[in-house]
Amino acid sequence: MNASMRPVWVVAGPTAAGKTAIALELARRRPIEIISMDSALVYRGMDIGTAKPSQSERALVPHHLIDVRDPRDAYSAAAFAADARALIDAIRARGREPLLVGGTMLYLHALQQGLSALPGADPAIRAELAARAAQRGWPALHAELARVDPTLAQRLAPNDAQRIQRALEVWMLTGQPLSAQFGARDGDGVALRVLALEPRERAVLHARIAQRLRAMLDAGFLDEVRALRARGDLHPQLPALRAVGYRQAWAHLDGATDAPTFEAQALAATRQLAKRQLTWLRAMPQRVVIDCCAADAGVRALAALGADDA
């Protein structure tokens, strides 16, 4: 890890924890530029279902790594780490402060620890895994992953096809679990200080998740997914369309579920995502924890950053 670099603050937390609101509160008081740490916000045309900051919010403070990919294109943790490092340097060169904001914990891990050199994609192995998944389902392959890499499997959803496939591919190519191959490499890791927005009461976060899903639906989330489907060049196996909410909406519009079932599935999947995000965070003993549901969360966040100046 590059110890000479002053640590970069990260506002991290589960979905619906209020990360954007806290970041904007901080930006009103400090010369901040926000680097999005979210694997769904990178995609253009996916605004409502990702709770993407609005244009008016983005006008208040510079945002980076939002709308940088078309939904048909992939974006990896390695690409994020490289982009974020370049942005951190550029923002500091302007005399401003970078602030990472988001809930994609694999991105945080890649930036903080660096990524070990991993084997490239193997088309034959990927085809084999895809065929097995088509026959048995991705949850069965997730169970396989749990036997060879329980650490990573715990952090992945049973239907996270892209990451399950890659983890099993790396195992088959190297005989080593992917989780063991994260580690500092050539000083590429970035020193981070994590401000973790975590709920003191899980029920309060669950209520927020339900309220946000209802707000998304009222704002036209299904119409957004219809527009993506109408392009004709997208399909639900793409990484972008496997984002929570989008894959359930796509199946609903395919006629696989009725409206109540779709909403129940989307709500359950979002709660599961929040649980996995909290699992990642709680494995970081040095994080600064703030109750995301507290009325004074913004004040506490500002105090934490201010204390770092002392």
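Right above here is the structure, for reference.
Calculation rules
- Residues numbered from 1 in each chain as written.
- Predicted model: local features only at pLDDT ≥ 70, side-chain atom pairs only at ≥ 80, totals over all residues.
- Heavy atoms only, no water.
- Helix = DSSP H or I, 4+ residues; strand = E, 2+ residues; numbered from the N terminus.
- Polar contact = N/O pair within 3.5 Å; in protein donor to acceptor, adjacent residues only side chain to side chain.
- Contact = heavy atoms within 4.5 Å.
- Buried < 20%, exposed > 50% of the residue type's maximum accessible area, 1.4 Å probe, protein only.
- Arc of directions from axis to C-beta.
- Salt bridge = Lys/Arg side-chain N within 4 Å of Asp/Glu carboxyl O.
- Pairing = 2+ DSSP bridges.
- Phe/Tyr/Trp six-rings, centres within 6.5 Å; stacked < 30°, edge-to-face > 60°.
- Axes fitted to C-alpha atoms, helices over the stretch in contact; angles between N-to-C directions.

1. Focus on unusual backbone geometry
In this model, A51 sits at a positive phi of 55°, which is unusual for a non-glycine residue. Residue position: A51 is located in the loop between β2 (32-36) and α2 (55-60). Non-glycine residue L65 carries a positive phi angle of around 65°.

2. A short note on the side chain of R287
Topologically, R287 is positioned in the loop between α12 (259-282) and β6 (288-291). A polar side-chain atom of R287 sits 2.5 Å from a polar atom in the side chain of E198. Other than its neighbours up to four places away in sequence, R287 contacts V194, A196, E198, L281 and R282.

3. With respect to helix α6 (residues 138-148)
Listed in full, the buried residues belonging to α6 are W138, L141, H142, E144 and L145. Burial along α6 is one-sided: seen end-on, the buried residues are contained in an arc of 155°. Looking at the buried side of α6, the elements it contacts are α5 (123-136), α7 (150-153) and α8 (161-174).

4. Side note on the pattern of salt bridges
Taken as a whole and judged by the stated rule, the model has 25 salt bridges. Across the pair E25 and R28 runs a salt bridge whose closest N-O atoms are separated by 3.4 Å. Given a relative accessible area of 55%, R28 falls into the exposed group. Salt-bridge contacts for R287 lead to E198; the nearest nitrogen and oxygen are separated by 2.5 Å.

5. A look at the pairing of strand β4 (residues 97-102)
Consecutive side chains along a regular strand alternate between the two faces of the sheet. For β4, the tally of buried residues reaches 5 of 6 residues, placing the bulk of the element in the interior. Pairing of strand β1 (residues 8-12) with β4, which is carried by 4 bridges, proceeds in the parallel orientation. Following the sheet pairing, W9 is matched in β4 by L99. With 5 bridges connecting them, β2 and β4 associate as parallel partners. Looking at the pairing, I34 lines up with L99 of β4.

6. Some points on the packing of aromatic side chains
Per the counting criterion, the structure on display carries 3 aromatic pairs. Relative to Y107, the ring of F80 has its centre 4.7 Å away and its plane inclined at 15°; by these criteria the two rings are stacked. Within this pair, whereas F80 is found in helix α3 (residues 77-93), its partner Y107 is found in helix α4 (residues 105-113), the two being separated by 27 residues in sequence. With respect to burial, F80 and Y107 carry one shared label: buried. Look at F221 and Y246: their rings are 5.0 Å apart centre to centre, the planes differ by 90°, and that puts the pair in the edge-to-face class. Taken together, the positions of F221 in helix α10 (residues 221-230) and Y246 in helix α11 (residues 246-253) put the pair 25 residues apart, joining distant regions of the chain. F221 sits in the buried class, given a relative accessible area of 2%. Assessed through its relative accessible area of 0%, Y246 is described here as buried.

7. Here's the deal with the sheet that holds β4
As summarised here, the arrangement of the 6 strands in space is β3-β2-β4-β1-β5-β6, forming an open sheet in which the pairing is parallel. This sheet does not close on itself; its edge strands, each paired only once, are β3 (63-64) and β6. In this structure, strand β5 (residues 192-198) lies alongside β6, joined through 4 bridges in parallel fashion. What sits directly across from L195, in β6, is V288. Lying over the sheet, α4 contacts β1, β4 and β5, oriented at roughly 160° with respect to β5.

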